[in-house]
Amino acid sequence: MKVILAESAGFCYGVRRAVELAEKTAKENQGCYLLGDLIHNARVIADLETLGARKVNNFNNFNWKSGDIVIIRSHGERKDILENLTRQGVKRVDATCPNVRRIQVLAADAERDGRQPVMIGDPEHPEVQSVASRCENLLIFQGPDEIKKYLDAGNLFEKPVTVMAQTTCVREIFENSLKVIKKQCTNLKNFDTICNATRRRQTEAAEIAAKSDVMVVAGDPKSANTRHLTEICRGICPRVYQIESADELSPEMFANCETAGLTAGASTPAGIIKEVYAVMSEEIKAAEEEKITAEPVNEEETASPAEASEEAATEETAADAPEEAANPDAPKAPAGEESSNEELEEYLSHFKTLNTGEKVTGIVRAITPTEVEVDVHAKQTAYIKFSELSEDPAANPEDIVKIGDEIEAYVIRVNDVDGFAELSKKRLDAQRKWEEVERAVEDKSVKEGVVTEENKGGVVVSVDGIRVFVPASQSGKPRGADLSAMRGEKVRLRITEFNRARRRVVGSIRSVLDEERRAAQDEVWANIEAGKRYTGTVKSMTSYGVFVDIGGVDGMVHISELSWSRIKDPKEVCKIGDTLEVYVISYDPERRKISLGVKDHNRNPWSDFTENYGVGDVAKVRIVKIMPFGAFAEVVPGVDGLIHISQIADHRVEKPDDILAEGDYVYAKITAIDEERQKISLSMRAVPAGYAEDGEQAYEEEEN
């Protein structure tokens with residue numbers, strides 16, 4: 001077990017610069033003011049306050065004095081606020097991130113040049129507000145859906161558009177937004193203003209999340225880039241926790257975890273990252289505590305022979321060509337040897353000429369033992385060989401097409417001398433499948449397929465005849481699992497990478513499973529309540545209890561809640577994979593913790609005992625604990641009695657374990673019952689002779 005720490009985690013250049021400027025200013029001037037949060041991290045702000053940096057939230061209503069010194073936060077500040085400070089004689093130390101300042105200039109320049117500035121980002125974020133204050137009309141969209149809604153409402157981009165992104169924007173959101181804008185705006189300038197550090201951090205987080213069972217993102221809840229990191233990781237890793245400090249970590253987070261990943265937002269100090277890393281390493285008992293960086297997934301590019309065959313047309317020559325087309329609706333051919341060339345040309349002019357590579361539509365006129373004849377109303381007679389009819393060479397042609405069916409195909413070869421053309425339905429189907437795969441990448445739709453083989457670094461899934469490579473990290477199976485067992489399995493996946501020129505398609509089964517699991521988790525948390533019962537599956541075990549999956553969410557059953565009987569290890573009553581009927585004892589939605597129980601508290605074990613036993617009865621009991629003064633024995637599940645050392649045998653016993661051992665079954669007579677204190681006294685020496693040897697029957701005979 002190990003912790004993978006992202007190299008890019010923590011302060012970026014802009015944040016580090018802002019903090020160092022604020023520290024230096026506070027020390028040199030014996031105090032200063034912060035306009036809002038310098039960065040989004042409460043601990044950093046608290047540290048600056050100890051140096052004399054006082055945070056001011058209500059800028060305009062604050063009683064400024066001439067000569068006061070204020071730090072402009074890394075996100076930038078609104079233009080009107082800066083002008084107001086200048087009028088009051090307040091000195092400014094500008095800690096605005098250079099990347100943010102560039103966006104401010106780009107937006108103002110675009111508007112000055114008669115263009116429409118558009119920004120992809122959060123309109124409530126101070127960075128975006130600082131940019132908006134430098135424009136008369138900055139359009140702000142949080143993503144492609146908002147842009148579509150804006151355009152569907154009848155709005156148009158009446159001016160040439162200049163597009164920028166918030167520095168912490170998720171790259172996928174920005175790129176998808178551009179696609180929507182490009183459909184309506186041809187005169188577009190696109191400035192990729194996502195911070196390089198943000199891009200690097202998001203990419204590395206995704207790579208580590210793909211390798212991890214648990215992903216931890218450290219950062220302040222107000223930090224936009226921290227939230228984006230969390231969103232990215234949740235699309236890849238099944239368990240993702242966003243925390244502010246190491247105090248929020250708990251052992252339950254790392255149950256059944258082999259590899260945990262750790263990244264942090266741009267405003268998270270190195271001290272917090274070190275603390276979280278140390279606690280994570282301790283929680284999952286990792287052997288190494290050095291920084292481990294993510295490695296790229298080793299994927300193998302594969303292409304099927306069927307796909308390779310699409311690059312070249314079949315170069316075969318037909319032995320015989322039919323004499324005429326079989327279209328009853330075609331113009332009648334001129335009859336007789338006296339027909340002139342002009343008449344023949346007039347006749348042929350009613351038919352089109354086929355060209356290699358074009359798509360045609362025709363009617364199936366005949367199915368021969370080797371090919372399908374298609375009337376495409378052309379000068380050439382068209383045929384589809386069985387090998388070009390379907391990807392499945394064993395398929396029966398009459399199961400695919402029937403006489404009279406309309407069919408589409410590609411022209412793969414034209415022989416004007418002999419007057420025939422070869423068509424391929426298979427290649428047109430393949431073309432459409434590739435187009436469908438390309439659309440699946442854009443709309444992120446879920447596809448179904450069958451695992452056909454295990455490959456180096458993953459598995460190959462056939463999706464409508466297209467080979468999709470799924471890396472092992474995206475297979476949905478635990479690290480090191482035997483992927484060959486997936487052969488023949490039907491799976492659901494998303495296409496994540498598509499390169500038609502290289503015949504390369506990559507997919508993820510894990511992303512679909514994660515989404516389904518999150519939906520199941522949301523369903524559980526939306527309807528959970530104390531006392532509610534679930535049928536769950538034991539997922540993992542510890543010395544203090546078991547974790548049970550109740551539908552995408554794991555709850556913990558403490559060992560004391562597993563059985564009324566006294567047990568030392570959960571393995572005594574269940575194992576991984578067992579089905580348990582559990583009920584909710586308590587739950588904490590904020591910390592995502594659920595406490596479950598198995599014991600039925602409506603049943604009182606003491607009542608079971610008193611209904612079946614009384615003083616003088618002999619019971620077969622199980623020794624559950626050995627003490628120096630005697631042994632405790634279970635009479636019924638949940639009810640124990642004491643066999644004092646003096647009552648173990650009819651002779652002196654030095655130590656109870658000389659005669660008894662935990663787990664032994666013996667016969668004991670109930671000599672006393674304390675109803676008030678619910679205590680039982682037992683005696684082995686008081687059991688009638690012969691009872692232990694012959695059982696209850698011998699005892700009954702002696703009584704008689």
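Everything below is about the structure shown above.
Keep in mind it's a predicted model, so treat the numbers as computed, not measured.

Trainee: Looking at this model, I keep getting lost on the pairing of strand β26 (residues 579-588). Mind explaining?
Mentor: In regular strands, side chains alternate between the two faces of the sheet. Pairing between strand β23 (residues 533-542) and β26: five bridges, direction antiparallel. Looking at the pairing, Thr537 lines up with Thr579 of β26. Taking the residues between adjacent antiparallel strands as the criterion, β26 and strand β27 (residues 593-597) are bridged by four residues, where Arg592 takes a positive phi near 55°.

Trainee: So what exactly am I meant to see when it comes to the nonpolar core here?
Mentor: Val216, Leu249, Phe254, Leu262, Val276 and Met280 are the most contacted members of the largest nonpolar core, which has 34 residues in total. Mapped onto this core, the elements with two or more residues apiece are β1 (2-5), α8 (196-211), β10 (214-218), α9 (224-234), β11 (239-243), β12 (259-264) and α10 (270-283). Contacts of Val276, omitting those with residues within four sequence positions, involve Val216, Ala218, Ile243, Ser245, Ala246, Leu249 and Leu262. Val635, Val639, Ile643 and Ile645 belong to the second largest nonpolar core, which has 22 residues in total.

Trainee: Which parts of the structure should I look at to understand unusual backbone geometry?
Mentor: Peptide bonds are, in most cases, trans, and in most cases residues other than glycine have a negative phi. Even without being glycine, Gln30 reaches a positive phi, approximately 50°. You can call Gln30 exposed: its relative accessible area is 76%.

Trainee: What am I meant to see in the layout of surface pockets here?
Mentor: Empty space among the atoms becomes apparent when a probe as large as a water molecule is rolled across them. Roughly 2000 Å³ of volume is contained in the largest pocket. What lines the largest pocket is a set of 46 residues, and nearest its centre among them are Glu172, Gly235, Ile236, Lys444 and Thr496. Where the lining of the largest pocket is concerned, the elements lending two or more residues are α6 (144-152), α7 (171-184), α8, α9, α14 (425-443), β21 (490-499), β22 (504-508) and α15 (509-527). No other element matches the eight residues that α7 contributes to the lining of the largest pocket.

Trainee: Teacher, can you tell me more about the packing of aromatic side chains here?
Mentor: Each aromatic ring pair is summarised here by two numbers: the centre-to-centre distance and the angle between the ring planes. Enumeration according to the criterion identifies nine aromatic pairs in this entry. Aromatic side chains Phe629 and Phe632 sit 6.3 Å apart centroid to centroid with 90° between the ring planes, which places their arrangement in the edge-to-face category. Residue Phe629 is classed as partly exposed on the basis of its relative accessible area, which comes to 37%. Here the aromatic cluster, defined as three or more aromatic residues joined through ring pairs, consists of Tyr33, Phe62 and Trp64.

Trainee: Which parts of the structure should I look at to understand a negative patch on the surface?
Mentor: A cluster of like negative charges, contributed by Glu435, Glu438, Glu442 and Asp443, occupies part of the molecular surface. For Glu438, a relative accessible area of 36% translates into the label partly exposed.

Trainee: I would appreciate a short explanation of the environment of Gly457 in the present structure.
Mentor: By secondary structure assignment, the location of Gly457 is in the loop between β18 (446-455) and β19 (458-463). Sequence separation between Gly457 and Pro471 is 14 residues; the distance between their C-alpha atoms is 5.7 Å.

Trainee: What am I meant to see in the sheet that holds strand β28 (residues 618-627) here?
Mentor: Two orientations exist for strands paired in a sheet by backbone hydrogen bonds: parallel and antiparallel. One closed barrel accounts for five strands, arranged β28-β29-β30-β32-β31; its pairing is mixed. Pairs of neighbouring strands in the sheet enclose a mean axial angle of 50°, with direction left out of account. The pairing of strand β29 (residues 630-636) with strand β30 (residues 639-644) spans six bridges and is antiparallel. Pairing of Glu634 across the sheet is with Asp640, part of β30. In the packing of helix α16 (residues 605-612) onto the sheet, the strands contacted are β29, β30, β31 (665-674) and β32 (679-683), and the crossing angle to β31 comes to about 95°.

Trainee: Even after reading the chapter, I still don't get the sheet that holds β1, so can you show me in this structure?
Mentor: Ordered in space as β1-β12-β10-β11, the four strands form an open sheet in which the pairing is parallel. On the outer flanks of this sheet lie β1 and β11, each paired with one strand and no other. Within the sheet, the average angular offset between the axes of one strand and its neighbour, ignoring direction, is 20°. Here β10 pairs with β11 via five bridges, running parallel. Paired with Val214 across the two strands is Arg239, which belongs to β11. Packing of α8 onto the sheet brings it into contact with β1, β10 and β12, and relative to β12 it is tilted by some 165°.

Trainee: What exactly am I supposed to notice about the packing of α6 against α7 here?
Mentor: Geometry of a packed helix pair, given as the angle between the helix axes and the separation of the axes. Two elements in contact, α6 and α7, have axes whose closest approach is 8 Å; the angle formed by their N-to-C orientations is 20°. With respect to α7, the axis of α6 lies roughly parallel. On the side of α6, the interface is formed by Pro144, Ile147, Lys148 and Leu151, while α7 contributes Ile173, Asn176, Ser177, Val180, Ile181 and Gln184. Its residues assigned to classes, the contact of α6 with α7 shows six nonpolar, three polar and one charged.

Trainee: Which parts of the structure should I look at to understand empty space enclosed by the protein?
Mentor: Under the definition given, this model contains four cavities of 30 Å³ or more. Approximately 240 Å³ is the volume found for the largest cavity. Forming the boundary of the largest cavity are 22 residues, of which Val15, His75, Thr167, Thr168 and Asn225 lie nearest the centre. Taken together, the elements giving at least two residues each to the lining of the largest cavity come down to α1 (13-28), α4 (98-112), α8 and α9. Partitioning the lining of the largest cavity into residue classes produces eight nonpolar, 12 polar and two charged.

About the criteria used
- Starting afresh in each chain, residues are numbered from 1 along the sequence in its written order.
- pLDDT decides what is reported in this predicted model: residues at 70 or higher carry local features, side-chain atom pairs at 80 or more are listed and counted, and totals for whole chains, interfaces and linings draw on all residues regardless.
- Excluded from the side-chain calculation are hydrogens and water; included are all heavy atoms of the structure.
- By the convention used here, strands pair only if DSSP detects at least 2 bridges between them.
- The way it works is that DSSP assigns letters per residue, a run of H or I at least four long becomes a helix, a run of E at least two long becomes a strand, and they are numbered from the N terminus.
- Put simply, a nonpolar core is a bunch of buried Ala, Val, Leu, Ile, Met, Phe, Trp, Tyr and Cys residues held in one set by side-chain atoms that sit within 4.5 Å of each other.
- Exposure is judged per residue with a 1.4 Å probe applied to protein chains only, and the accessible area is read against the type maximum: over 50% gives exposed, under 20% gives buried, and values in between give partly exposed.
- Contacts are assigned to residue pairs that have any heavy atoms within 4.5 Å of one another.
- Throughout, the protein atoms alone are placed on a 1 Å grid, and a set of points is a cavity if a 1.4 Å probe fits but cannot get out or a pocket if it is open with protein on both sides within 12 Å along at least five of seven lines; lining residues have an atom within 4 Å of a point.
- Grid points are joined across faces, edges and corners, and a volume is the space filled by probe spheres set on the points.
- Aromatic pairs are defined between Phe, Tyr and Trp rings, using the six-membered ring for Trp, whenever the two ring centres lie within 6.5 Å; interplanar angles under 30 degrees are classed as stacked, those over 60 as edge-to-face, and all others as tilted.
- Patch membership is restricted to residues that have no salt bridge and whose relative accessible area is over 30%. Joining uses 9 Å for like charges and 5 Å for the nonpolar side chains Val, Leu, Ile, Met, Phe, Trp and Tyr.
- Methods summary: accessible areas were calculated by the Shrake-Rupley approach with a probe of 1.4 Å, and residue burial reflects only the protein chains presented.
- When a carboxyl oxygen of Asp or Glu lies within 4 Å of a side-chain nitrogen of Lys or Arg, that pair is called a salt bridge.
- Here Asp and Glu are counted as negative and Lys and Arg as positive; His is not counted, and neither are the chain ends.
- To locate a charge, take NZ of a lysine, CZ of an arginine, CG of an aspartate or CD of a glutamate.
- To obtain each axis, a line is fitted to C-alpha atoms, and for helices this fit is confined to the stretch in contact; angles are then taken between N-to-C directions over 0 to 180 degrees.
- Here the word oblique covers every angle except those under 35 degrees (roughly parallel), over 145 (roughly antiparallel) and from 65 to 115 (roughly perpendicular).
- Nonpolar residues are Ala, Val, Leu, Ile, Met, Phe, Trp, Tyr, Cys and Pro. Charged residues are Asp, Glu, Lys and Arg, and all others, Gly as well, are polar.

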